[in-house]
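What follows is each chain in one-letter form.
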Amino acid sequence: MGRETRAVSKRPAGTGLAARLANVFRLTVKELRSIRADPIMLLLVVYAFTINVYSVATGASVEATNLAVAVVDEDRSALSRRIADGLTPPLFRPAVEIGAAEIDGALDAGRVVFVVEIPPRFEADVLAGRKTAVQVNVDATAITQAGNGSAYIRTIVADQVASFLAGRDGAAASPVDVVVRATFNPNLKSSWFTSVMQVVNSITMLTVILTGAALIREREQGTVEHLLIMPVVPSEIMLSKILANGLVTLVATGLSLVLVVQGGLAVPIAGSLPLFLAGAAVYVFTVAALGIMLGTIANTMGQFGLLAIPVLLVTQLLSGSATPLESMPAGLRWVMWTISPTPHFVSFAQGVLYRGAGATVVWPPLVAVAVIGGVYFAVALRRFRRVVFGA
Amino acid sequence: MTGDCVARLDGVSHRYGTVDALADVTLDIPAGRMVGVIGPDGVGKSTLLALLAGVRRIQSGTVTVLDGDMADAVHRRTSCARIAYMPQGLGRNLYPTLSVFENVDFFGRLFGQSEAERRTRIADLTRATGLDPFVGRPAGKLSGGMKQKLSLCCALMHDPDLLVLDEPTTGVDPLSRRQFWELIDTIRARRPQMSVLVATAYMEEAARFDWLAAMDDGREIAHGAPAEILARADETSLERAFIALLPAEKRARHAPVVVRPRVAAADETPAIEAEGLTRRFGDFVAVDHVSFRIGRGEIFGFLGSNGCGKTTTMKMLTGLLPASDGRAELFGAPIGAGDVGLRRNVGYMSQAFSLYAELTVRQNLDLHARLYHLPRAEVAPRIAELLARYDLEAVADQRPDALPLGIKQRLQLAVAVLHRPPLLILDEPTSGVDPIARDAFWRTLIDLSRDEGVTIFLSTHFMNEAERCDRISLMHAGRVLAVGTPAELAAARGGGSLEEAFVAYLAEAGGVGAVPAETESAVPATPAGVASAEAPAAVPKRFDPGRLWAYARREAMELLRDPIRLVFALVGPIVLMMAFGWGISFDVENLKWAAFDQDRTPESRALLESFSGSRYFTERPPVSSTAELDDRMRRGELALVVEIPPGFGRDLQNGRVPEVGVWIDGAMPFRGETTRSYVGGLALQYAQQRAIERAGPNASASTLDVEVRYRYNQAFKSVVAMVPSIIALMLILIPAVMSAVAVVREKETGSIANFRATPTGKVEFLVGKQLPYVAVAMASFATLMILAVTLFGVPVTGSFAALALGTLLYCFATTGFGQLVSTFTRTQVAAVFATAILAVVPAVNFSGLLVPVASLSGGARVLGLAFPAAWYQPISVGTFAKALGFSAVWPQMVVLAVFSVAYLIAARTFLQKQER
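Because the structure is a prediction, the values reported are computed rather than measured.

J.: Explain the overall build of chain B here, please?
T.: From N to C terminus, chain B includes 35 helices and 25 strands. Expressed along its principal axes, the backbone C-alpha trace of chain B runs to roughly 125 × 70 × 50 Å. A buried classification covers 53% of the 916 residues belonging to chain B. Look at the contacts in chain B between residues 6 or more apart in sequence, and 75% of them connect residues 24 or more apart.

Next comes the structure, spelled out in structure tokens:
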């Protein structure tokens, strides 16, 4: 029998740049195959970028529309009816008429946010020039709508009274004509805003969970160990996870913007979609590194879930995508700017998608995202080595 | 029991997808005997046992056990108190964080035993198994043999009439294996009426049983006493007899293993040289100064009890684990943890299957070929060669998770040798593999060693494999006890078999878990528990609060032993509450504005002053051109620009109403809208001012007043509304994610088998597991409330009792939601993912946190109301801010209660008491 002894390899193979890139490429293909093999996950990705975005954009509006209002009409005059009729859609839901005794109940139960109370002899008092008052009761726990809604009601009541009187004697007109124009979103429709912000939220949520779970799955099944026996290094494993999961999220983002946001919701996108996707790629890299970092801190899926939820909520709600960043306390704002890439990306996304800003304008936030991403990646790699080698 | 049959199978068939696990099996299993089911992997042994134990649903045919039809749910419930089932896998039905005592105690509670009875039984059982010195040790920290003994204790806790053991000794070392069977013998001597049904891959074990059923390809090929089977096949050993009974074409594939002599290699550098190799984990020394030399082309066997440091040593040699001390060289070069070049010389096969279950067999091979940088042209031929050589062609495009263990092991070996490494490190490569597949595996190992000079370093529990090695090393408790050829070692301990020598070495070293002979004799002939077994076992009740409590207690203990999870669950909400309480604010302030004054008259400046005087606005340098206006707004630098046209002052003086343009950044509509209302207010103020200037102070006396009364929150501060809403948000997300892994984790680890094999009802299981999470959620609620009152100054103005009761109902609903997700998902990943995605969006957007539910419309309203958060938010906000009591919020409480019950009913529907 021919006997040949296998040669012992001494050459440090698999360390050249080309070989490394090839490794990353192969591992990325593997990750993509793993993702494809889990239909439930893919279904959830599709859900997050379609139904999810659509329902948030069409349903939840912080703009003053659909305000739930009730009227207590104790005057029952032409003027009081006129005021009630002035509360029209889309700003208001059709006004419900209730009795004076029902005011507390309606507000307590949260059935309405505003109650407009028109006192007896209101029209007569107005015509006679006697001092009179319309009372507006506002549920001030409905914090997003209470302020603007009551301002609108105040204006409508004043306008209706003014035009009612205008027929009778020449009421003094305003000395100046203030024309307010909203740039980028002329009708201040909130679906323009929430749809895109929901896409941003979906990017964050999916990338963190997908990459973190991909790592925990490998750790729990022991396949990471097997990978490390082979001529691959931790950074290649990490990069491939970031690339594969990032790619899935990016493709879903692009499709969601074109099909759901532009198509289904008819939201115009002012700026360049390729520029946005390029920025999103940087952002995805950063949050994927965050996902890996969380995946090295948690040991089991149970722990990962508990760790990821608060992190996701903080990045989502304190990013300027839900509430104005300017109204956060300065210290907290500074902290979020330092540790979270999301406020930067939100400002980038608003710049590109709404204001149509170009790369020369929006590069600073993008650099910030990249720098934070670099730090995350370095920390994740360090932890990854430690956790996997158990040192 | 009629006749002498404990169980009967009649025409039983079972399919998984297109694969037949059992094909028309008809078999009578004698009672009061030790019955073995033997056969290769994947022939349906486990399926058969699971059907007999009632944990798997019968597809076709009749299964009669203990005189009743196992398809009948009532019979299953009444008889499961008389059956005990121990599933395959080392300690798979144990709870690793629970101690030995707590594990057994849990089973006692499930069978409704009193505390005194449990104590006596546990004392008896642990003494009999030699576990009594370790009753306080967590099950996860026991060796494999001890885990199996503990599993046996759990199974015997209720004195079953039928004991079903699925491969109880696979992966267990020879000493522990011997002790395990001695234990079974002792117990059978005490309770001769008990029938024991065992599946095993060890033929030498099977030879000691009373009665055997041999299976192949889902069919029974022979049954009877071992002697009868040997006689029928005309063979002397059961292993050979089994092969002889196989269909002809299969028999032809088998060839005996012949170990050819080793030719010394030309290169004298040892393949592996270790000196003083040591590995510590904290205080624990896993490997203690181990030294050995392995020559080129040698087959070197590593033997030892479970947990003796074999795997750790192998991991150090592959560079996976850095050594704490000592030195190891491969082919004369020292091992470094990050040494990529060295890895090309090693092929490694880990103990557990560690290839990708989601890739096909071919894709797994392809991935490894590419990562080892095989030349492109060689990849396809090499994969084809390996598929042929390891008999994997038929399954090349299947995923490995559906394949039997033996085939998976062949795949792992194919992967390990793919890059033709001169050294193979194989950690228990044949554990759980049937005899035929094992022999085939060994033939390839011998070919590799003898024909290609590959050095093979492997660990095993099979003595016949150890005998085929050139040299073996015995390891115990981190130390090497002896090294030499199998013959030398056997001779050194009296010249008996290698197994006897092995046991002798271990006993001498004071093997952990060894049962001293005197302990066994100390077991009373009839322990307290056993006496009652003579009476028929009590029929379990349909619903037993004791079992529910047993599950609640166990889940709570597991939760308490996982402090990381507990800390996340309690601290997470506090951190979030602080971040959100301060961070989420809908107050619009600090709006950056600039003037674009093309008029520059005192009149225009007067108008602009009303803007700079407002507390909502911060002034920036003025804009001087339209282009600049566009640019600065595009950058997002300005939120508001006031443009005054040329001739404004003149027009104003002349009573012509001049136009003032105000530009608002509409990129964020909420902020834009608030800005617009601020501008409206300023314009009104300006108009009144002008009127006063022109007509004197009387003009301002308008007759109409619109009084706005901010109810519940006079100061109109975000925090008053946000804090109660955040509590609602926290109490849905955290508890739901916690409970989402509750059921699916048991599915993944295998402890769900206990639910299936015991009288536990679905509601007992679900509610029992839910209670600890409700308790954690309520604790979280308490901390959040204290935080709300003290730190944020948001007191509960309404009824505290109503708030507490509402919260309790809410927590039942939210944990119920998590459990529901847990029952229909298959992996923890999917459960966490699904809960997060399904819960975050409605909880954040449609529950009143950002938008009042009254103002939601369409699908969003439906989505919001279909989720408990939208119903709890009015209770939380109502009792905190609106001073409400029971009378106002009871309808929401009723809805929350309905949610909890509905989730429970849905979860009950999805949860399978029997596996499909």
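J.: Is there a simple way to explain helix α14 (residues 342–354) of chain A in this structure?
T.: Within an α-helix, residues lying three or four positions from one another point in the same direction, as the helix has 3.6 residues per turn. All names here are of chain A. Taking 1.5 Å of rise per residue, the 13 residues of α14 would be expected to cover 18 Å, and the 17 Å separating its terminal C-alpha atoms lies within 8% of that figure. Here α14 lies mainly inside the structure; 13 of its 13 residues are buried. In the segment just after α14, glycine 356 is the residue with positive phi, at about 65°.

J.: Explain the nonpolar core to me, please; I cannot follow it from the model alone.
T.: Generally speaking, a soluble globular protein has its nonpolar side chains buried in company with each other. Val164 and Leu733 of chain B are the most contacted members of the largest nonpolar core, which totals 385 residues. Ranked by residue count, the leading element in this core is helix α28 (residues 718–749) of chain B, at 22 residues. Residue contacts for leucine 733 of chain B: discarding those within four places in its chain leaves Ile309 of chain A together with Ala839, Val840 and Ala843 of chain B. With 31 residues, the next largest nonpolar core counts Trp593, Leu638, Leu640 and Val660 of chain B among its residues.

J.: Is there a simple way to explain the domain arrangement of chain A in this structure?
T.: Frequently, the measure chosen for interface size is the accessible area that the parts lose on association. Split by domain assignment, chain A resolves into domain 1 (20–59 + 188–389) and domain 2 (69–165). Here domain 1 of chain A and domain 2 of chain A have C-alpha centroids that lie 46 Å from each other.

J.: Explanation requested: the UniProt feature "domain: ABC transporter" (unreviewed entry) in chain B in the structure shown.
T.: Here, UniProt's "domain: ABC transporter" (unreviewed entry) annotation points to residues 7–242 and 272–502 of chain B. Here residues 7–242 of chain B runs as 38% helix and 26% strand, with 24 Å between its end C-alpha atoms.

J.: Hey, could you run me through the interface of chain A and chain B in this one?
T.: Facing 139 residues of chain A, the contacting portion of chain B comprises 138 residues. Here the side of chain A that touches chain B takes 13 residues from helix α7 (residues 143–166) of chain A, the largest share from any one element. Each residue belonging to the side of chain A that touches chain B can be placed in one class, and the counts come to 76 nonpolar, 42 polar and 21 charged. In this sheet, strand β25 (residues 704–711) of chain B lies alongside strand β4 (residues 132–139) of chain A in parallel orientation, the contact comprising eight bridges. Directly across from asparagine 137 of chain A, in β25 of chain B, lies its bridge partner arginine 709 of chain B.

J.: Is there a simple way to explain the sheet that holds strand β3 (residues 34–38) of chain B in this structure?
T.: Two modes of strand pairing occur in sheets, parallel and antiparallel, and in both the strands are linked by backbone hydrogen bonds. All names here are of chain B. The strand order across the open sheet formed by six strands is β6-β7-β8-β3-β9-β10, and the pairing between neighbours is mixed. Looking at the sheet topology across the chains shown, the edges are occupied by β6 (83–86) and β10 (219–224). Within the sheet, the average angular offset between the axes of one strand and its neighbour, ignoring direction, is 15°.

J.: Honestly, the sheet that holds strand β19 (residues 471–476) of chain B in this entry has me stumped. Any pointers?
T.: All names here are of chain B. Ordered by their spatial adjacency, six strands build an open sheet running β16-β17-β18-β13-β19-β20, and the pairing between neighbours is mixed. Of all the strands in the sheet, the pair left with one neighbour each is β16 (346–349) and β20 (479–484). Across the sheet, the axes of successive neighbouring strands diverge by a mean angle of 15°, strand direction being ignored. Across four bridges, strand β13 (residues 299–304) lies against strand β18 (residues 455–459) in parallel orientation. Within the sheet, the bridge partner assigned to phenylalanine 302 lies in β18 and is serine 459. Running at roughly 150° to strand β17 (residues 423–426), helix α11 (residues 310–318) makes contact with β13, β16, β17, β18 and β19 of the sheet.

J.: Help me understand the packing of helix α23 (residues 563–583) of chain B against helix α30 (residues 762–790) of chain B, please; the structure alone is not making it clear to me.
T.: Two quantities define a packed helix pair, namely the angle between the axes and the distance from one axis to the other. All names here are of chain B. Here α23 crosses α30 at 30°, and the two axes come no closer than 9 Å. Of the possible angle classes, the one that applies to α23 and α30 is roughly parallel. Pair α23 / α30 crosses with right-handed handedness. Facing Ala569, Leu570, Pro573, Ile574 and Met577 of α23, the residues of α30 in contact are Val776, Ala779, Ser780, Thr783, Leu784 and Leu787.

J.: Is there a simple way to explain the confidence of the model for chain A in this structure?
T.: Detailed reading of the predicted coordinates is not advisable wherever pLDDT is low. Predicted confidence across chain A gives a mean pLDDT of 84, with 92% of residues reaching 70 or more. Ranking the helices and strands of chain A by mean pLDDT puts helix α11 (residues 273–297) of chain A first, with 93, and helix α9 (residues 223–229) of chain A last, with 79.

J.: I tried to follow the UniProt feature "transmembrane region" (unreviewed entry) in chain A on my own but got confused; where do I start?
T.: All names here are of chain A. The feature "transmembrane region" (unreviewed entry), as given by UniProt, occupies residues 40–57, 192–216, 237–261, 273–297, 304–325 and 362–381 in the numbering adopted here. In this annotation, residues 273–297 is assigned 100% helix and 0% strand; the end-to-end C-alpha distance for the span is 35 Å. Between the end C-alpha atoms of residues 304–325 the distance is 28 Å, and the span holds 64% helix and 0% strand.

J.: How should the pairing of strand β2 (residues 19–30) of chain B be read in this particular structure?
T.: Regular strands place their side chains on alternate faces of the sheet. All names here are of chain B. As paired elements, strand β1 (residues 5–16) and β2 share eight bridges and run antiparallel to each other. Counted as the bridge partner of cysteine 5 is proline 30 from β2. Counting the residues between successive antiparallel strands, the hairpin from β1 to β2 contains two residues, one of them, glycine 17, with a positive phi of roughly 60°.

J.: Help me out: how do you make sense of the UniProt feature "transmembrane region" (unreviewed entry) in chain B in this one?
T.: Residues and elements named next belong to chain B. Sites flagged by UniProt as "transmembrane region" (unreviewed entry) map to residues 563–584, 719–744, 771–794, 800–822, 829–851 and 889–911. Within residues 800–822, the helical portion is 100% and the strand portion 0%, while the C-alpha atoms at the span's ends are 33 Å from each other. Between the C-alpha atoms that bound residues 889–911 there is a distance of 33 Å. The span itself is 96% helix and 0% strand.

The rules behind these values
Residues numbered from 1 in each chain as written. Chains lettered and ligands numbered in written order. Predicted model: local features only at pLDDT ≥ 70, side-chain atom pairs only at ≥ 80, totals over all residues. Helix = DSSP H or I, 4+ residues; strand = E, 2+ residues; numbered from the N terminus. Buried ≥ 20, exposed ≤ 12 C-beta atoms within 10 Å, placed from the backbone. Contact = placed C-beta atoms within 7 Å. Expected span 1.5 Å × (residues − 1). Core = buried A, V, L, I, M, F, W, Y, C linked by C-beta atoms within 7 Å. Domains from an automatic or database assignment. UniProt positions renumbered as here; feature names shortened; annotations may be inferred. Nonpolar A, V, L, I, M, F, W, Y, C, P; charged D, E, K, R; others polar. Pairing = 2+ DSSP bridges. Axes fitted to C-alpha atoms, helices over the stretch in contact; angles between N-to-C directions. Parallel < 35°, antiparallel > 145°, perpendicular 65-115°, else oblique. Left-handed = near helix turned anticlockwise from the far one by under 90°. pLDDT = per-residue confidence, 0-100.

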